[in-house]
Amino acid sequence: MSRGVLSTDKRGMRELGAEEKVGWDAVTQGVALYSFEGETKGAAFIKPEERAYTDFNSYTATVASWRVVKPVYNRDICIDCQNCWVWCPDVSIISRDKQMLGIDYDHCKGCGVCVEVCPTNPKSLLMFSEAIENDTALSGWPEKKKKEK
Amino acid sequence: MAKEFELNEVEVWDGNYATSQALRQAQIDVVAAYPITPSTPIVEGYGSYVANGYIDGEFVMVESEHAAMSGCIGAAAAGGRVATATSSQGFALMAEVLYQASGMRLPIVLTVVNRALASPLNVRGDHADMYLGRDSGWIQMDAFNAQEAYDLALCAFRIGENHAVRLPVMMHQDGFTTSHKAQNVYPLQDSVAYKFVGDYKPVDEMLDFSRPVTHGAQTEEDWHFEHKAKQHKALMDSRSVIDEVLVEFKTLTGREYKRVESYMMEDAEVALVLLGSSVETAVLAAKQLREEEGIKVGIIAPRCFRPFPYDLVRDVIENSPVKTLCCLDKSSPGGAMGALFNEVSAAAYSTGTRPLMTNYIYGLGGRDFAVDEAKRIMKEQKAHADAGHITTEIQQFSGLRGPKLGFFETRRS
């Protein structure tokens, strides 16, 4: 299965469960779950989409259904300051070479921290209902606020 | 590199000190501990060995026993050889985390100095804490004196760390009667002891950065049952590993231990089954009664409380003419028969002979169990055997002041 950066790249997302019938003799000892197939040297320097994740790593498990509101990202306003990337508690801001690419909607739980820490005017990230399409959200983006004296 | 500790061929050690020496010789990487009477000197000793350069390890001071076992789990998951000690209320506070240690298959060694559980508050020895651990998934071994506390602590590492086992091990001794009674102990020299225990070979260790691993994941109805079944099988199968380690220890030291100790059972007509320091009292009483009154008394003492040695208990019963078995439980039974009575009855029921089974609750809160009382109980069992049925209530209390207390009689048509 090919793996990409964003959720739209279809990396085989699924909810983990006992869909495969594995017997007591085949489960891991002590629920020890490995992130990668085999040994991995310097995983921190390998891009996530290039790592040999196992099914037990959350990379291929989605928690999108936990979310009721979502952040929408506006590329036209973003200054690539990386604030949201630093603060996101679920590593769901995708950034490459210090350039913001978007939201990982498979792992974002909609906490809104990214919106809170965004310093631009207007904000480059805003929370919307799940039901609203991203294009619709972007077409109604607020104007820059004037400074009040 | 740790300094070698000079040891004589015979030392005068109490059970606590003997245990702390065993932990030192096993070169534990981490002890996370919170002090509680009567087990405190075990970890206090380890702390002083670290401070004085006799061990390359870390002593982690924590705010409670819950945190102590949590710290042990962290260190064990990281890949270290880990041990700690506790008693009574501390054990009770640890209880939640004990199940995590066994479920995560971390071979931590917990040296338990048995003490009564409050209320009423009591620092003396009974088996309430040991019994509290019996469903926790740990291996539970029981030492009857200081020498055994030392020997079995060394064996505990070998058993739990075996890759086919990978389970935590409790090594029990009785509070004060064993932990604080100085006796002759024959220690191994440091190099001999360490060679027996061996280097720790970690499994799924978190400090192996080339293979990042998650420990203690959540499972619901989808996986929990399979993991618990696998864990139970490992505990049941650990019996053969325990036997192997004990045989190897005998080869090294000449000191023989079995999962079930038995004394004078070959021709025994009646037998007492009991645990801990009372075993030596009972053996002495049995010998005297054989001489004085010719009553053939034998003693059965499970060395291994978990996994319970149903197989060996049955063997002992079947290879003996025993007619009455009296199980003595040193823990308040809380609305049931004593746990030892229940386990031994299950083993006895699977024999062809099915001896009469009786139960005594004794020694709670450190109440003395003396030779004369042991003899009285033995003579009473002989009366059952002669009558061919149990002539008293099945469960009675020994050493209790006030009117006789007993429960449950055999229904005879």
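Starting afresh in each chain, residues are numbered from 1 along the sequence in its written order. Here every chain gets a letter starting at A, and every ligand a number starting at 1, in the order they are written. Selection of residues for local features in this predicted model requires a pLDDT of at least 70, selection of side-chain atom pairs for listing and counting requires 80 or more, and totals for whole chains, interfaces and linings are taken over all residues.

**What about the domain arrangement of chain B?**
Note: interface size is frequently given as the accessible area lost on complex formation between the parts. Residues and elements named next belong to chain B. Under the convention used in this document: The source of the domain bounds is an automatic or database domain assignment. Here, residues touch in the contact sense if the C-beta positions derived from the backbone fall within 7 Å of one another. The helix count covers DSSP runs of H or I at least four residues long, the strand count covers runs of E at least two residues long, and both are numbered beginning at the N terminus.
Domain assignment breaks chain B into domain 1 (11-253) and domain 2 (260-407). Domain 1 and domain 2 are separated by 29 Å when their C-alpha centres are compared. Taken together, the contact pairs 27 residues of domain 1 with 18 residues of domain 2. In terms of residues, the side of domain 1 that touches domain 2 owes the most to one element, helix α8 (residues 224-253), which gives five residues.

**Notes on the environment of Ala85 of chain B**
All names here are of chain B. The criterion, for reference: To sort residues by exposure, count the other C-beta atoms lying within 10 Å of each residue's C-beta; 20 or more gives buried, 12 or fewer gives exposed, and values between give partly exposed, all with C-beta atoms placed from the backbone.
Structurally, the position occupied by Ala85 is in strand β4 (residues 83-86). Overall, the presence of 34 C-beta atoms within 10 Å leaves Ala85 in the buried class. Expressed as a C-alpha distance, the spacing of Ala85 and Ser210, which sit 125 residues apart in the sequence, is 33 Å. In contact with Ala85, not counting residues within four places along its chain, are Ala33, Ser39, Ile42, Val43, Thr111 and Val113.

**Brief notes about the interface of chain B and chain A**
As a reminder of what qualifies: Two strands are counted as paired when DSSP detects at least two bridges linking them.
Tallying the contact residues gives 20 residues for chain B and 19 residues for chain A. At the level of elements, β9 (213-214) and α8 of chain B are the ones that each hand at least two residues to the side of chain B that touches chain A. Ranked by residue count, the leading element in the side of chain B that touches chain A is α8 of chain B, at four residues. Summarising the sheet, strand β1 (residues 33-34) of chain A and β9 of chain B pair through two bridges and their orientation is antiparallel. Residue pairing across strands places Leu33 of chain A opposite Thr214 of chain B, the latter belonging to β9 of chain B.

**Observations concerning the sheet that holds strand β6 (residues 139-142) of chain B**
All names here are of chain B. Threshold: Only the contacting stretch of a helix is used when fitting its axis, a line to C-alpha atoms as for every element, and angles between N-to-C directions run 0 to 180 degrees.
The strand order β4-β5-β7-β6-β13 describes an open sheet built from five strands, whose pairing is mixed. The open sheet has two edge strands with one neighbour each: β4 and β13 (304-306). Each strand of the sheet is rotated relative to its neighbour by a mean of 25 degrees, with strand direction disregarded. Direction of pairing for strand β5 (residues 109-114) relative to strand β7 (residues 169-174): parallel, over a ladder of six bridges. Across the sheet, the residue bridging to Leu110 is Met170, located in β7.

**A look at the sheet that holds strand β11 (residues 270-273) of chain B**
All names here are of chain B. If you walk across this open sheet you meet the seven strands as β10-β12-β11-β14-β15-β16-β17, and the pairing is mixed. Only two strands of the sheet have a single partner each, and these edge strands are β10 (260-263) and β17 (406-407). Sheet analysis places strand β15 (residues 356-362) next to strand β16 (residues 395-398), joined by four bridges and oriented parallel. Within β16, the residue paired with Tyr360 across the bridge is Gln396. Helix α9 (residues 278-293) rests against β10, β11, β12 (297-302) and β14 (324-329) of the sheet, and its axis sits at about 165 degrees to β12. The strands touched by helix α11 (residues 339-349) are β11, β14 and β15; relative to β14, the strand with the most contacts, the crossing angle is about 150 degrees.

**Quick look at the packing of α9 of chain B against helix α12 (residues 371-387) of chain B**
All names here are of chain B. This is how the line gets drawn: Crossings are assigned a handedness: left-handed for a near helix turned anticlockwise from the far helix by less than a right angle, right-handed for a clockwise turn. Amino acid classes used here: Ala, Val, Leu, Ile, Met, Phe, Trp, Tyr, Cys and Pro are nonpolar; Asp, Glu, Lys and Arg are charged; the rest, including Gly, are polar.
Two elements in contact, α9 and α12, have axes separated by 9 Å at closest approach and are oriented at 60 degrees. When you trace α9 past α12, the crossing you get is right-handed. Contact residues: Thr281, Ala282, Leu284, Ala285, Ala286, Gln288 and Leu289 in α9; Val371, Ala374, Lys375 and Met378 in α12. Here the contact of α9 with α12 is built from residues that sort into eight nonpolar, two polar and one charged.

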